[in-house]
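# Reading the structure
The primary structure of each chain is shown beneath.
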Amino acid sequence: MMYQAVDFERPIVEIEKKIEELRIIANGGGMDVDEEIRRLEKKARRLTRDVYLKLSRWQRTLLARHPTRPYMLDYVGLMCEGFIELHGDRAFADDHAMVGGMAWFEGIPVMVIGQQKGRDTKDKVYRNFGMAHPEGYRKALRLMKLAEKYGRPILTLIDTPGAYPGIGAEERGQAEAIARNQFEMATLRVPLIAAIIGEGGSGGALALGVGNRVLMQENAIYSVISPEGCASILWRDTAKAPEAAEAMKITAQDLAELGVVDEIVREPMGGAHRDHKRAASLLRRVIRRHLRELMAMSPEEIVAQRIDKYRQIGVYEEI
Amino acid sequence: MEWFKKIKPKVRVREKKVKMPEGLWVKCDACKEIVYKQELEKNLNVCPKCNFHFRISAWQRIEQLADPGTFVEFDQGVASLDPLGFKDSKRYKDRIKENVEKTGLNEAVICGECQLGGFPIQMCVMEFAFLGGSMASALGEKITRAIERSIERRMPLVIVSISGGARMQEGVLSLMQMAKASAALAKLSEQGLPFISVCTDPTTGGVSASYAMLGDLIFAEPRALIGFAGPRVIEQTILQKLPEGFQRAEFLLEHGMLDKIVDRRDLKHTLVQSLKFFLAEPVEKGA
Ligand SMILES: [Zn+2]
C-alpha cells in the first residue's frame, strides 16, 4: 500500500525515505553509509518526538482520519481469533458500514461490533464511509441482545464520522435507532467495553458507546459535531475547523479530564497507522485488563456501574 | 389509588404571566392573514384561519396543560457553566447570561410536578428561546432528575420537547447527556411507569436521538420538524433538494415513527385519556 502522509508527518517520511534509499545503495555497492544512516535515524527520531509530543487538536483529528489508520476489521483480525461475521437487522437490510460478529478475545467468546470504513474508493462507497443507517444500529443492537442472552461480553470498536444524514436514514428513524441503542445498552447485563479507535462522530458513535468502560486511543477524537460542522455553524466558515477542534476539546486527553473516557490507550510513536500490529497489541492489553475486572462483577453490578457512570457526567452549577 | 404518593410541594409555585409582543393584531406566518391577538390566544396560539401552530413558550405550554394552580417547579437553580471555556464570536459565558436575562430561566427546560386531569405527573417542558433548546449538561441533569423523581414518587412522566440540537459550546458533555437521560429512562421503563413524549417544532439532533424518541407514546404537533440530521446538512450531503414535507410530523407518522399527530387544542385531552388508559382502575360497565 502506498504510504499516504498528512502534512505535518511529511518531513519525517522524507527522512525515512532517504534512509531507505541509502540502505539500497549500501546493499548494492558495499559503500559505507552506516554512519549517515545512524545520523538520519537519530534525526527522524527527534523529529518524530518533537512533532508528536505537541500535536494540536486539529493534527490529532487528521491522525484519527488518517487514510492508513487501522480500521475496525484490522483490529478484529489482530486482536481476536475465529471471527464469524453476522449480518442484518432482520427487518430491513444489512448495513455494510456496521460490522458485527462472534469472536474469541484471548479465549473469551465476545461479541465484537463496530463501524467499518473503506480503504479504496470502491470499498469506501461499499462501507458508506463508515456512516451507518438506522439498520446498522439495529443490527448492532440485535447482536448486543444476542450476546446478553448467552452471557457474552460485548466489545465495540467505534470509528465513524457520524450517523448518515440522508433521506432513507430519516425515513427509517435514525433518531429513534440511536436513542433506542442507548436506552437498551444502559441495562445490558453483560460487560460492555467501548473503544474509540478513530473518529467518534456524535450520536453515530454514542449509539455503540454506552459502555462500562470507554477507552480511547491517544490520537482518536470524540465529538458532539465534526470540527467542520461546528465551524460552519458558529464561525460560518468550514476553514475554521482547526479553531473549532481546539474550542470543543475533542482529544482523548480532553475527554479523560471531562470524565467521559476511562483510559487513554497509547499508540505507537507517530500514530496507530505507523504500526498496526503494535497498535493492536497496545489496545488488546488495555481491553484485557478491563474485561477481567468486569467479568468478576455480577450482572446487577454491571448494570448499576454503567448507569451510574453516565449519571455522573456533566458540569453545571446549582444556584 | 395508593399508586400515587401524595407529596407536599417543597418549592414555591411560580405564577408567571407570559409576555407577548405589543399590538392587538398578529400576522400568521403560514397563511399571512391578520389575526386578532386575543382570539389567537384563546385558541391556544393556533391560527383560527389555517390551524398553523404558533411557537409558544414553556410557561405558556405549562399553563395550557397543567391543571390550574397545580404546577410546582423543581431544580430551577440548575444552571449551565462553561466547562470548556468556549469562545466563538462571543464567550459561552456571555451567551448564557444573555439568555438567562432574556428568558428568566437558568436553562432551556422547566421541570416540575403538576396534575393533569387529576393525575399527578412529572412534567418537563423545553424552552426554545433559551439557546434554541439545545442539549447541555444542566438540561440533561434536570431531565434526569425529573425521571428519577418519577421513579421515586411513582408518577408518569410527560416531556414536551423543542430543540435545535446540541449545544456545541459544551462539546462532548452535550452528547453524553443523551446517554444519561436514556439510561434513566431505561430504569423508569423497568418500573412500569408511563412516559409520554410530545415533539413540537422543531425537535432535532440530540434531543430527538434520545428521550424524545423513547416515549411509550410519542405525539407530535402538526407540521413539527422532527429528525436526527438537520435538513441543510442532509441537502449538503446528498446534493439533492429534499421532498416537500420531509421530516415534518406528517412524514414521520407516514413512516411509522409517531403514535399520533395531536392538534394543540386536543393535546391535554389526549394526554389525560392516555394516562387513564395506562393507570385508571378499569370500571366494568353494567357490573
Ligand atoms: Zn394562519
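Source: prediction; values computed, not measured.

## Things to note about the domain arrangement of chain A
Residues and elements named next belong to chain A. Domain assignment breaks chain A into domain 1 (7–54) and domain 2 (61–311). The straight-line distance from the C-alpha centre of domain 1 to that of domain 2 is 35 Å. Each partner contributes to the interface: domain 1 provides eight residues, whereas domain 2 provides seven residues. Three residues, F8, E9 and Y52, lead the burial of domain 1 against domain 2; their summed loss comes to 63% of the area buried on that side. Between the two partners, domain 1 and domain 2, sit one salt bridge. Between E16 and R274 there is a salt bridge; the shortest N-O distance is 2.6 Å. Viewed at the interface, domain 2 and domain 1 are joined by four residue pairs in polar contact (both at pLDDT 80 or more). Elements represented by at least two residues in the side of domain 1 that touches domain 2 include exactly α1 (10–29) and α2 (34–53).

## Description of the domain arrangement of chain B
Residues and elements named next belong to chain B. Segmenting chain B into domains produces domain 1 (22–54) and domain 2 (55–279). The C-alpha centroid of domain 2 is placed 24 Å from the C-alpha centroid of domain 1. The interface is formed by seven residues belonging to domain 1 together with nine residues belonging to domain 2. Note on domain 1 versus domain 2: buried area summed over both sides is about 770 Å², and carbon and sulfur give 50% of it. Summed over the three residues of domain 1 that lose the most area to domain 2, namely L44, H53 and F54, the buried surface amounts to 68% of that side.

## Regarding the interface of chain A and chain B
Between chain A and chain B, the contact holds 48 residues from the first and 58 residues from the second. At the junction of chain A and chain B, the tally comes to three salt bridges. Note that R311 of chain A and E141 of chain B form a salt bridge whose closest N and O atoms lie 2.9 Å from each other. Connecting chain A to chain B are 16 residue pairs in polar contact (both at pLDDT 80 or more). Of all the secondary-structure elements, those providing two or more residues to the side of chain A that touches chain B are α7 (167–171), α8 (174–186), α9 (202–206), β7 (221–223), α10 (227–235), α11 (241–248), α14 (299–311) and β9 (316–318) of chain A. Sorting elements by how many residues they give to the side of chain A that touches chain B places α8 of chain A first, with nine residues. When the residues that make up the side of chain A that touches chain B are grouped by side-chain class, the tally is 29 nonpolar, nine polar and 10 charged.

## Some details on the coordination of the zinc ion
All names here are of chain B. Coordination of the zinc ion by the protein comes from C28 (SG), C31 (SG), C47 (SG) and C50 (SG), over a distance range of 2.2 to 2.4 Å. Viewed at the metal, the four donor atoms of the zinc ion are separated by angles of 105 to 112°, and the geometry they form is tetrahedral. Every donor residue of the zinc ion comes from the same chain, spaced as C-x2-C-x15-C-x2-C.

## A look at the nonpolar core
Grouped together as the largest cluster of nonpolar side chains are 143 residues, with contacts concentrated most on Y222 of chain A together with M123 and Y211 of chain B. When residues in this core are grouped by element, the largest group, 12 residues, is from helix α5 (residues 171–190) of chain B. Not counting the four nearest positions on each side in its chain, M123 of chain B is found in contact with I62, L65, A66, F71, I110, C111, G112, C114 and V158 of chain B. The next biggest cluster of nonpolar side chains, apart from the first, holds 26 residues, and it includes M79, F105, V286 and L294 of chain A.

## Observations concerning the pairing of strand β4 (residues 154–160) of chain A
Residue and element names in this part refer to chain A. β4 sits mainly inside the fold: seven of its seven residues count as buried. Sheet topology places strand β3 (residues 108–115) next to β4; four bridges connect them, and they run parallel. Bridged to V112 within β4 is L155. The pairing of β4 with strand β5 (residues 192–201) spans six bridges and is parallel. In the strand pairing of β5, L155 is matched with I193.

## What about the packing of aromatic side chains?
Applying the stated criterion to the full structure yields seven aromatic pairs over all chains. Aromatic side chains F8 of chain A and Y52 of chain A sit 6.2 Å apart centroid to centroid with 65° between the ring planes, which places their arrangement in the edge-to-face category. Highlighted residues: F8 of chain A in the segment before α1 and Y52 of chain A in helix α2, separated in sequence by 44 residues. Look at Y52 of chain A and you get buried, because its relative accessible area is 6%. Ring centres of F246 of chain B and F251 of chain B lie 5.0 Å apart, and the angle between their planes is 75°; this geometry places the pair in the edge-to-face category. Both residues of the pair, F246 of chain B and F251 of chain B, belong to the buried class. Positioned above the aromatic ring of Y310 of chain A is the side chain of K309 of chain A, whose terminal nitrogen or guanidinium carbon lies 5.5 Å from the ring centre. Between R55 of chain B and the ring centre of F128 of chain B, over which it is positioned, the NZ or CZ distance is 4.0 Å.

## A word on helix α4 (residues 72–79) of chain A
Given 3.6 residues per turn, any residue in an α-helix points the same way as the ones three and four places further on. Listing the buried residues of α4 of chain A in full gives M72, Y75, V76 and M79 of chain A. Around the axis of α4 of chain A, the buried residues are gathered within 105° of arc, so they sit on the same side.

## Here we look at the confidence of the model for chain B
Mean pLDDT for chain B: 92, with 92% of residues reaching 70 or above. Residue range residues 1–9 of chain B is modelled with pLDDT below 50. Its contacts to residues more than four positions away, or to other chains, number 20 contacts.

## Focus on unusual backbone geometry
Residue P202 of chain B is bonded to the preceding D201 of chain B through a cis peptide linkage, with omega at -5°. Mapping P202 of chain B onto the fold places it in strand β8 (residues 195–204). Backbone geometry at R90 of chain A places phi at a positive 60°, although glycine is not the residue there. Tracing the chain through its elements places R90 of chain A in the loop between β1 (81–85) and β2 (98–105). Residue R90 of chain A is classed as exposed on the basis of its relative accessible area of 70%. With a phi close to 50°, E106 of chain A is a non-glycine residue in the positive phi region. Relative to the helices and strands, E106 of chain A is located in the loop between β2 and β3. Classification of E106 of chain A as partly exposed rests on a relative accessible area of 32%.

Thresholds, definitions, all that
Residues numbered from 1 in each chain as written. Chains lettered and ligands numbered in written order. Predicted model: local features only at pLDDT ≥ 70, side-chain atom pairs only at ≥ 80, totals over all residues. Heavy atoms only, no water. Domains from an automatic or database assignment. Contact = heavy atoms within 4.5 Å. Buried area = accessible area lost by both parts, 1.4 Å probe. Salt bridge = Lys/Arg side-chain N within 4 Å of Asp/Glu carboxyl O. Polar contact = N/O pair within 3.5 Å; in protein donor to acceptor, adjacent residues only side chain to side chain. Helix = DSSP H or I, 4+ residues; strand = E, 2+ residues; numbered from the N terminus. Nonpolar A, V, L, I, M, F, W, Y, C, P; charged D, E, K, R; others polar. Donors = N, O, S within 2.8 Å, 3.2 Å for Na, K, Ca; no water. Tetrahedral: all angles 85-135°; square planar, octahedral: opposite > 155°, others 65-115°. Core = buried A, V, L, I, M, F, W, Y, C linked by side-chain atoms within 4.5 Å. Buried < 20%, exposed > 50% of the residue type's maximum accessible area, 1.4 Å probe, protein only. Pairing = 2+ DSSP bridges. Phe/Tyr/Trp six-rings, centres within 6.5 Å; stacked < 30°, edge-to-face > 60°. Lys NZ or Arg CZ within 6 Å of the ring centre and 35° of its normal. Arc of directions from axis to C-beta. pLDDT = per-residue confidence, 0-100.

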